[in-house]
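Remarks on the overall topology
As a plain string of letters, each chain reads:
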Amino acid sequence: MSLPKVIAQVVLTGAQIFGRAFADAYKQAAANAARQSASASGGPQRGPANADGSTNVTDDLTFKTGLTLDEAANILNLKKEPLPTQDEVLARYETMFKQNDPEKGGSWYLQAKVFRARERFDLELAEALKVSNPNVEPPAGGDAGAGPKA
């Protein structure tokens, strides 16, 4: 094979590789731009809506707390069925929150997860109360929106 032919093949192969890489990078950049504009216009997108345009209450609670009920139950070591009482959730929360105190060698991250798990159960219990007694206002969640104490 002659040298000019080898050089031409190397240049063509390199151009193909760079061309594909450029096309893939452009597709990824376009997808990121679309995702950013969607989140800027309406915040992060929730899951698919029901046929009537409404979203599932469970999906809304998951979106709000960042935890599914299964994750919250695992974190607090509670069973999700039947739904535990407010006292059971609070007792487990206080125990786990104190165990993960950063001043006692615990982790702020785990403390935050414990707090979010309690918050999820509080929301689930409030929703269950609202479904069972539509005329009764659910109790305020105490400091549910305040975040974990540092």
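Residues numbered from 1 in each chain as written. Predicted model: local features only at pLDDT ≥ 70, side-chain atom pairs only at ≥ 80, totals over all residues. Heavy atoms only, no water.

The chain is annotated in an unreviewed UniProt entry as Mitochondrial import inner membrane translocase subunit TIM16 from Allomyces macrogynus. One UniProt comment on the chain, placed under Sequence similarities (unreviewed entry), says "Belongs to the TIM16/PAM16 family." (UniProt positions renumbered as here; feature names shortened; annotations may be inferred.)

1. Digging into helix α3 (residues 69–76)
Along an α-helix, a turn takes 3.6 residues, which lines up residues three or four apart on a common side. Within the sequence span of α3, burial applies to Leu 69, Ala 72, Ala 73 and Leu 76. One side of α3 carries all its buried residues, which in axial view fall inside an arc of 100 degrees. The positive-phi residue at the C-terminal boundary of α3 is Asn 77, with phi of around 55 degrees. (Buried < 20%, exposed > 50% of the residue type's maximum accessible area, 1.4 Å probe, protein only. Helix = DSSP H or I, 4+ residues; strand = E, 2+ residues; numbered from the N terminus. Arc of directions from axis to C-beta.)

2. Considerations on the nonpolar core
Membership of the largest hydrophobic core comes to 15 residues, with the highest contact counts inside it found for Leu 76, Leu 78, Val 89, Tyr 93, Val 114, Ala 117 and Phe 121. Contributions of two or more residues to this core are made by α3, α4 (86–99) and α5 (108–132). In terms of residue count, the dominant contributor to this core is α5 (five residues). In contact with Phe 121, other than residues within four places in its own chain, are Leu 69, Ala 72, Ala 73, Leu 76, Leu 78, Leu 83, Pro 84 and Val 89. (Core = buried A, V, L, I, M, F, W, Y, C linked by side-chain atoms within 4.5 Å. Contact = heavy atoms within 4.5 Å.)

3. A look at the packing of α3 against α5
Any two packed helices are characterised by how steeply their axes cross, that is the angle between the axes, and by the distance between the axes. Remark: α3 packs on α5, axes separated minimally by 9 Å, with the N-to-C direction vectors making an angle of 125 degrees. With respect to their mutual orientation, α3 and α5 come out oblique. Note that α3 runs across α5; the crossing there is left-handed. Every residue of α5 that contacts α3 at Leu 69, Ala 72, Ala 73, Ile 75 and Leu 76 is listed here: Lys 113, Val 114, Ala 117, Arg 118, Arg 120, Phe 121 and Glu 124. Across the contact of α3 with α5, the residue classes tally to eight nonpolar, no polar and four charged. (Axes fitted to C-alpha atoms, helices over the stretch in contact; angles between N-to-C directions. Parallel < 35°, antiparallel > 145°, perpendicular 65-115°, else oblique. Left-handed = near helix turned anticlockwise from the far one by under 90°. Nonpolar A, V, L, I, M, F, W, Y, C, P; charged D, E, K, R; others polar.)

4. A short note on the packing of aromatic side chains
Counted by the stated rule, this structure contains two aromatic pairs. Their ring planes at 35 degrees and their centres at 5.2 Å tell us that Tyr 93 and Phe 97 sit as a pair that is tilted. Placement of both Tyr 93 and Phe 97 in helix α4 is noted, with a separation of four residues, approximately one turn of the helix. Across the pair, Phe 97 and Tyr 93 agree in class, each one buried. Aromatic side chains Tyr 93 and Phe 115 sit 6.4 Å apart centroid to centroid with 65 degrees between the ring planes, which places their arrangement in the edge-to-face category. Linking Tyr 93 in helix α4 with Phe 115 in helix α5, this pair joins segments that are 22 residues apart in sequence. On the basis of relative accessible area, Tyr 93 is assigned to the buried category, the value being 8%. Overall, Phe 115 belongs to the buried group, its relative accessible area being 2%. One aromatic cluster is present, formed by Tyr 93, Phe 97 and Phe 115 through successive ring pairs. We note Arg 118 situated over the ring of Tyr 93; from NZ or CZ to the ring centre the distance is 4.7 Å. (Phe/Tyr/Trp six-rings, centres within 6.5 Å; stacked < 30°, edge-to-face > 60°. Lys NZ or Arg CZ within 6 Å of the ring centre and 35° of its normal.)

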